[in-house]
6 protein chains.
Amino acid sequence: MRITLLNPNTSRAMTDKIAVAARAVAAPDVEITAVNPDVGAPAIESHGDEILAASAVVELIEADLRAGGSDAYVIACFGDPGLDAARELVDVPVVGVAEAAMHLAAIAGRSFGVVTTLTRTLGRARDLVERYGMSRACVSLAGSGIPVLDLEDTSSEAYETIARLCEDAVAAEADVIVLGCAGMADLCAALAVRVGVPVVDGVAAAVGVASSMARAGIGTSKRDEYAPPPRRAALVG
Amino acid sequence: MRITLLNPNTSRAMTDKIAVAARAVAAPDVEITAVNPDVGAPAIESHGDEILAASAVVELIEADLRAGGSDAYVIACFGDPGLDAARELVDVPVVGVAEAAMHLAAIAGRSFGVVTTLTRTLGRARDLVERYGMSRACVSLAGSGIPVLDLEDTSSEAYETIARLCEDAVAAEADVIVLGCAGMADLCAALAVRVGVPVVDGVAAAVGVASSMARAGIGTSKRDEYAPPPRRAALVG
Amino acid sequence: MRITLLNPNTSRAMTDKIAVAARAVAAPDVEITAVNPDVGAPAIESHGDEILAASAVVELIEADLRAGGSDAYVIACFGDPGLDAARELVDVPVVGVAEAAMHLAAIAGRSFGVVTTLTRTLGRARDLVERYGMSRACVSLAGSGIPVLDLEDTSSEAYETIARLCEDAVAAEADVIVLGCAGMADLCAALAVRVGVPVVDGVAAAVGVASSMARAGIGTSKRDEYAPPPRRAALVG
Amino acid sequence: MRITLLNPNTSRAMTDKIAVAARAVAAPDVEITAVNPDVGAPAIESHGDEILAASAVVELIEADLRAGGSDAYVIACFGDPGLDAARELVDVPVVGVAEAAMHLAAIAGRSFGVVTTLTRTLGRARDLVERYGMSRACVSLAGSGIPVLDLEDTSSEAYETIARLCEDAVAAEADVIVLGCAGMADLCAALAVRVGVPVVDGVAAAVGVASSMARAGIGTSKRDEYAPPPRRAALVG
Amino acid sequence: MRITLLNPNTSRAMTDKIAVAARAVAAPDVEITAVNPDVGAPAIESHGDEILAASAVVELIEADLRAGGSDAYVIACFGDPGLDAARELVDVPVVGVAEAAMHLAAIAGRSFGVVTTLTRTLGRARDLVERYGMSRACVSLAGSGIPVLDLEDTSSEAYETIARLCEDAVAAEADVIVLGCAGMADLCAALAVRVGVPVVDGVAAAVGVASSMARAGIGTSKRDEYAPPPRRAALVG
Amino acid sequence: MRITLLNPNTSRAMTDKIAVAARAVAAPDVEITAVNPDVGAPAIESHGDEILAASAVVELIEADLRAGGSDAYVIACFGDPGLDAARELVDVPVVGVAEAAMHLAAIAGRSFGVVTTLTRTLGRARDLVERYGMSRACVSLAGSGIPVLDLEDTSSEAYETIARLCEDAVAAEADVIVLGCAGMADLCAALAVRVGVPVVDGVAAAVGVASSMARAGIGTSKRDEYAPPPRRAALVG
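Residues numbered from 1 in each chain as written. Chains lettered and ligands numbered in written order. Predicted model: local features only at pLDDT ≥ 70, side-chain atom pairs only at ≥ 80, totals over all residues. Heavy atoms only, no water.

Draft legend 1. Representation of the nonpolar core within the structure. Ranked by internal contacts, the top residues of the largest apolar core, which has 183 residues, are Leu5 and Phe112 of chain A together with Leu5 and Phe112 of chain F. For Phe112 of chain A, the residues in contact, after removing those within four places along its chain, are Met102, Ala105, Ala106, Met134, Ala137, Cys138, Val139, Ser140, Ala174, Val176 and Val178 of chain A. (Core = buried A, V, L, I, M, F, W, Y, C linked by side-chain atoms within 4.5 Å. Buried < 20%, exposed > 50% of the residue type's maximum accessible area, 1.4 Å probe, protein only. Contact = heavy atoms within 4.5 Å.)

Draft legend 2. Main features of the pattern of salt bridges. All chains considered together, the criterion is met by 102 salt bridges over all chains. Asp29 of chain B is the partner of Arg215 of chain B in a salt bridge, and the nearest nitrogen-oxygen pair spans 2.9 Å. With Arg215 of chain B in helix H8 (residues 202–215) and Asp29 of chain B in the loop between helix H1 (12–25) and strand E2 (31–35), this residue pair connects regions lying 186 residues apart in the sequence. Here Glu88 of chain E makes a salt bridge to Arg120 of chain F, at a shortest N to O gap of 3.3 Å. Residue Glu88 of chain E is found in helix H3 (residues 83–89), and its partner Arg120 of chain F is found in the loop between strand E5 (112–116) and helix H5 (122–131); the two belong to separate chains. No difference in accessibility class separates Glu88 of chain E from Arg120 of chain F, as the two residues are buried. (Salt bridge = Lys/Arg side-chain N within 4 Å of Asp/Glu carboxyl O. Helix = DSSP H or I, 4+ residues; strand = E, 2+ residues; numbered from the N terminus.)

Draft legend 3. View of the relation of the copies chain F and chain A. The two copies are related by a screw operation: chain F maps onto chain A through 180 degrees of rotation and 0.0 Å of translation along the axis, at an RMSD of 0.0 Å. The symmetry that links the two subunits is that of a two-fold axis. Scanning chain F for the C-alpha nearest the rotation axis identifies Gly133 of chain F, at a separation of 2.2 Å. (Least-squares fit on C-alpha atoms with pLDDT ≥ 70 in both.)

Draft legend 4. Geometry of the sheet that holds strand E7 (residues 176–179) of chain E. All names here are of chain E. Spatial strand order, E6-E5-E7-E8: 4 strands in an open sheet with parallel pairing. Strands with a single pairing partner mark the edges of an open sheet, and in this sheet they are strand E6 (138–143) and strand E8 (199–201). Taking each pair of neighbouring strands and ignoring which way they run, the sheet shows an average axis angle of 20 degrees. Sheet topology places strand E5 (residues 112–116) next to E7; 4 bridges connect them, and they run parallel. Residue pairing in the sheet places Gly113 in a bridge with Ile177 of E7. Across the sheet, helix H5 (residues 122–131) is in contact with E5 and E6; its angle to E6 comes to roughly 160 degrees. (Pairing = 2+ DSSP bridges. Axes fitted to C-alpha atoms, helices over the stretch in contact; angles between N-to-C directions.)

Draft legend 5. Quick look at the interface of chain F and chain A. Taken together, the contact pairs 46 residues of chain F with 46 residues of chain A. For the pair chain F and chain A, the summed buried surface comes to about 3,500 Å²; carbon and sulfur atoms form 60% of the total. Looking at the side of chain F facing chain A, the largest losses of area belong to Ile107, Arg110 and Arg223 of chain F, adding up to 21% of the total buried there. On inspection of chain F and its partner chain A, the count reaches 6 salt bridges. (Buried area = accessible area lost by both parts, 1.4 Å probe.)

Draft legend 6. Highlighting the domain arrangement of chain A. Residue and element names in this part refer to chain A. When its domains are assigned, chain A resolves into domain 1 (2–96 + 205–223) and domain 2 (98–201). One C-alpha centre belongs to domain 1, the other to domain 2; they are set 20 Å apart. The partner domain 2 presents 30 residues to the 29 residues of domain 1 that form the contact. Interface area lost by domain 1 to domain 2 is led by Lys17, Glu45 and Phe78, which between them contribute 36%. In this structure, the connection of domain 1 to domain 2 is made through 4 salt bridges. Linking Glu99 and Arg87 is a salt bridge whose minimum nitrogen-to-oxygen distance equals 3.0 Å. Applying the counting rule to domain 1 against domain 2 returns 16 residue pairs in polar contact (both at pLDDT 80 or more). For the side of domain 1 that touches domain 2, the elements supplying multiple residues, two or more each, are helix H1 (12–25), helix H2 (47–66), helix H3 (83–89), strand E4 (94–96) and helix H8 (202–215). In terms of residue count, H1 provides more of the side of domain 1 that touches domain 2 than any other element does, 5 residues in total. (Domains from an automatic or database assignment. Polar contact = N/O pair within 3.5 Å; in protein donor to acceptor, adjacent residues only side chain to side chain.)

Draft legend 7. Up close: the packing of helix H1 (residues 12–25) of chain C against helix H8 (residues 202–215) of chain C. Residue and element names in this part refer to chain C. Remark: H1 packs on H8, axes separated minimally by 9 Å, with the N-to-C direction vectors making an angle of 50 degrees. Here H1 is positioned oblique relative to H8, judged by the angle of their axes. Viewed along their axes, H1 and H8 form a crossing whose handedness is right-handed. Here Ile18, Ala21, Ala22 and Val25 of H1 lie close against H8, whose contacting residues are Val203, Ala204 and Val207. Looking at the contact of H1 with H8 residue by residue, the classes come out as 7 nonpolar, no polar and no charged. (Parallel < 35°, antiparallel > 145°, perpendicular 65-115°, else oblique. Left-handed = near helix turned anticlockwise from the far one by under 90°. Nonpolar A, V, L, I, M, F, W, Y, C, P; charged D, E, K, R; others polar.)

Draft legend 8. Quick look at helix H7 (residues 188–195) of chain B. Residues and elements named next belong to chain B. All buried positions along H7 are accounted for by Cys188, Leu191 and Val195. An end-on view of H7 places all buried positions within 65 degrees of arc, on one side of the element. Residues of H7 that are exposed and point over 90 degrees away from its buried face: Ala189 and Val193. Directly beyond the C-terminal end of H7, a positive phi value near 75 degrees is found at Gly196. (Arc of directions from axis to C-beta.)

Draft legend 9. Structural context of the packing of helix H4 (residues 97–108) of chain B against helix H4 (residues 97–108) of chain C. The interhelical angle for the contact between H4 of chain B and H4 of chain C, taken along N-to-C directions, is 165 degrees, at an axis separation of 11 Å. With respect to H4 of chain C, the axis of H4 of chain B lies roughly antiparallel. The handedness of the crossing between H4 of chain B and H4 of chain C is right-handed. Where H4 of chain B abuts H4 of chain C, its residues Glu99, His103, Ala106 and Ile107 of chain B lie against Glu99, His103, Ala106 and Ile107 of chain C. A breakdown of the residues in the contact of H4 of chain B with H4 of chain C according to their chemical character gives 4 nonpolar, 2 polar and 2 charged.

Draft legend 10. How the structure looks around the state of the cysteines. Across all of its chains, the model carries 0 disulfides over all chains by this definition. Free cysteine Cys138 of chain A: the closest other cysteine sulfur is in Cys166 of chain A, separated by 13 Å. You can see Cys77 of chain D has no disulfide; the closest cysteine sulfur is in Cys181 of chain D, sitting 7.2 Å from it. Judged by its relative accessible area of 11%, Cys77 of chain D is buried. (Disulfide = S-S within 2.5 Å.)

Draft legend 11. Just the arrangement of the chains, in detail. Separated throughout, chain A and chain D approach each other most closely at a C-alpha pair spaced 16 Å apart. Contact between chain B and chain E is absent, and the minimum C-alpha spacing across the pair is 16 Å.

Draft legend 12. Looking closely at the side chain of Asp175 of chain F. Its location among the elements puts Asp175 of chain F in the loop between helix H6 (156–172) and strand E7 (176–180). For Asp175 of chain F, the side chain forms a polar contact with the side chain of Arg223 of chain A, separated by 2.9 Å. Setting aside residues up to four positions removed in sequence, Asp175 of chain F forms contacts with Ser221 and Arg223 of chain A together with Gly109, Arg110, Ser111, Val197 and Pro198 of chain F.

Draft legend 13. Structural view of the side chain of Thr121 of chain A. Topologically, Thr121 of chain A is positioned in the loop between strand E5 (112–116) and helix H5 (122–131). In contact with Thr121 of chain A, other than residues within four places in its own chain, are Glu45 and Thr116 of chain A.

Draft legend 14. Representation of the confidence of the model for chain A. When the pLDDT values of chain A are averaged, the result is 95; 97% of them are 70 or greater. Scored below 50 in pLDDT, residues 233–237 of chain A shows 9 contacts in the model against residues more than four places distant or in partner chains. (pLDDT = per-residue confidence, 0-100.)

Draft legend 15. Looking closely at the environment of Cys188 of chain F. Residue and element names in this part refer to chain F. Turning to its location among the elements, Cys188 is positioned in helix H7 (residues 188–195). Cys188 sits 133 residues away from Ser55 along the chain, and the two C-alpha atoms are 29 Å apart. In this structure Cys188 touches Leu179, Val199, Val200 and Asp201, once residues within four positions along its chain are discounted.

Draft legend 16. Molecular detail of the pairing of strand E2 (residues 31–35) of chain D. Residues and elements named next belong to chain D. Residues Ile32 and Ala34 line the buried face of E2, whereas the alternating positions Glu31, Thr33 and Val35 sit on a face that is not buried. As paired strands, strand E1 (residues 2–6) and E2 are joined by 5 bridges and run parallel to one another. Within the sheet, the bridge partner assigned to Leu5 lies in E2 and is Ala34. Following the backbone out of E1, through helix H1 (residues 12–25) and into the adjacent parallel E2, one traces a crossover that is right-handed. (Right-handed = clockwise from strand over helix to strand, strands pointing away.)

Next up, the structure:
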């Protein structure tokens, strides 16, 4: 089984970190590929960036399809950009990291708190909370103010900031922490030890969900909304 | 006051129809401009198209800003593509036609029904219903199966199909009809006569809402989420 | 086009202030009339007052209809008293100031906070938030403890109290402020400068919404609930 | 213990019917008084009527207070008119018949259906469903088209119409029926036999709830919203 | 009329306290019986205990049925354990103390706060809040950390802790207090005096609701879900 | 990795079927064990049965813990009986089949329909839909009237009934089908072919989710609610 992870920003360092996190949790028979676009946004930190990221996701899947396709796709960016458009393109599972993280967090406890990068992305995060049915389970959302690219090589100061936000969430009401950026994957284990509750990294969660769906023969429903588009729009460029 | 309408598809005929509808309801001191991209999707009928449309909205606003900017913007496509990204770019009002139509419909009656083009777009419409707080007011959503571009010059058969869906919605529970495509603007008056309840065209609604906000000094809040992005991503191309 | 504003309390000073606020934002072709009852409640600050206000709204519309009627009506009291009964009487738009303010605030940002007069009116405000579908958008409601009639001629102390509540709401989570009393209309511009986000006065919002609906031919749906009552009750007295 | 039932319409026949229904279910130590206004609406069938009914409720309570007051009040009209204003006036329980019927119906089964008079009153009924937290429990609302005053002396044809709507609700999904008019109190027992599920008359339910609260010392909270109004408005007339 | 109260823990002292509280509010023609299991959980403080409690409720009702049955049953434990299973067994009312307390609290004011024993039981309490439609009315839930059995003979320190939590809830937003343990029944009157708002004990509330339903002929609906089970499972032991 | 499946009814045939379904989708390094109680309910078809099932789940886990424990547990009954109590006992993942099926179905499409056994179990299913945040995603629930034990060896007539309910759900609005009984696991593949959309069996889904969580180190949060109970109740028998 081959799962392709789509990092929609142009940071190769981030892509490598994501691939490492994915391989660490994949079953022995799962092959992980991780890709990113050559041009586009270096980090996804605004709604404008989200559009670029969505375009990148579509283009990366189309390229992968031309090369034979994969058994499942993971969108490795916490805003789950391009998720619906990606589902139009394939009949295998397409899983967003925010989506997978929230679903598994809601099983690991009654409630979870999200700790993410810039506060300006919380509006998008709240939209996803609503869409995925998590408005009761998600009891807090906090932005650390740390830009995405600073996570390529996380400083101890940034780690401390994130850890304190996790502790605040647990002290308040959160049973579980969801890390709100694919670039935080490498902090997950240390944070879990520190805060004493499960800490969910979306990349690991999505690899698990995508492979579980593929094994069980649960693909993307092609009924109406996610059927192939009537007219394949020539994508930008 | 100048309001710029952004038709995110490449159909000039559709843009012209939208401009006519907008001017018909604008106050005497409001100037209407309507634009569309040169390249992109000819119609917005899939989630893939939505991404192209969102890119087009951003690019059209950037071009308008380079030319001096407008007092308000209307996104003239029922999926309200690029709404959040557009709000990052300006501090004047940005109004989507679905957004405006639903808000005014919820004032014209207790409940409304949406009648739109392809059923595959209903998922997106339901997302907007949730986002705009209309899950109680919106009592039905129906797709006519008519492609967007067939509305450039609506046949009597297509009109009949749409009119019957409006009648069905009213017979069920809808106090008001919302037309789910900017290209239906010219059908609005005849449908209102036929079904006997208010029929809301999003273009007319959005021109009203945008100009009302501009007159009252209510722009787009620049607090955090819609503040200028930290790093303006070089847009595609 | 003529819009009649219905101030349901007996304060002529308040009515004048409302008319000034309305005219400041009306398009050049819109004529504003503002009326209030001769007898009734001097201010609407309790549920008992709401009943008097609702009666006043009905009587004022009936008087206006006898004089030829208007193109739209605005109920200029933040509890939107008598809104449903008013809609039974006419087929033109009837817009409440709370209703209009909340709808436009939800377009100006992701979230808004309401700042109003006495805390005892917050129950009614929460009912309206629910009814208008604003339970996600409205992130705070605060009462200033300032009686309505003290707003006829606002002291600097009262202004300061209101301004601080606006600042608190913005510091917490509100992208936009909604002023919860028609009598605060004259404070709107100064508050917007002070708090740095859009501040929505319901009178201005409602004039905009009502005129937009009238221009677009969107009246009150007369289907069932708002159809003329089967037996016109002889109103009180 | 004395419970006063407030019929806000002017029909003495209806008041008598309500008193009979109340006495049939009251405990031996509960005294029932039923009153109605001399002037006002003969039936409450529109939003305009609701305002008259709310005024009547306030005036009837004020008259009762002048005569020494009661241990609890029941608003005997399915729209629960004047409920909030009545709660401002007293510290004993005030219970609406719709409110009590819905709360007890939600205990008698998972779900209930409401069967009422004119369909135009369903908007108000839906508002109450939301306010009382019954949006999950209430699975259907049906109007029979029978005017309230026809229930003063119910014809067999009217009874049949109502019974069939009850049967439809049960066949669909309703575990329990709520009768949506105080004037249907005398039909309750026969309908329960016919449809085979509990049928809840609001008058009986409200007498039970009001007396239970009075016995347990649970009055109306006088904290803020329901505290005595700052300035008792001179009521109309 | 005979109402049987089911205390699902093995504490006879608790059962006696519950019976006293019930008799204090019962109408003169209502006979109160209170029972508890001989073996089982001494207190219900975990989800594991809830299962034992649910079993006990079923067994106690079966024993009562063998002895002739009652006119109504009250489940005297704030988690309302076994409520659905009990409803399968009888066609008379079955009322949980959390259920009754929340319904009456929602009538006594706009909002209520729950004050209970261990914080670990709040998850269950929140589930009940959702199930009973109280998510808007219930504005706070607080655990005192006091084990259930410490309430057999409440110390002044425990009383003080509970009283302060009640005061905190009222200071925040709660119009009414709901006591979240049947063992707090004897504290109710003193707390109401201290905090100045209605304080609802579930035992008193449930006795009132159950007797009201029985008087009005409102039993448990036997339609489908609560019909006698197809195969009566031989209960454990 | 070892996952233990807990079938809470006494049917060994059902347990075997569940084990087969689980092994068919497990990764090569996952060992599946399936157990059932010796005494208890032969099928879980009522709320009374649910209590027995919950007891069985707790006892089966305790027995497994005495034998060394597992890396994850699956509760193999669509009502997810005993889920909360099980989570108190362990710090590894505990996953219910309804829970897992609904979460994966919500990823495979916008909406799903549940097809289950007896209609009397739909109340429980609706409770789970609410708890898991699926009230928007779940668009239909249908009972087939087929008793659980008839699924030990499904007749062609029973299969046909289930298949038609699946087709009805898809024809209405469901993108995905969720099978509402662990005993339907063997029908899943044939139904997916017949209805043309993903069909989710809870056993397969739960094995995937549980193993994904175990691989990613996401156990059950032991914060407060799911911490070990203060006093381990001696379980029944």
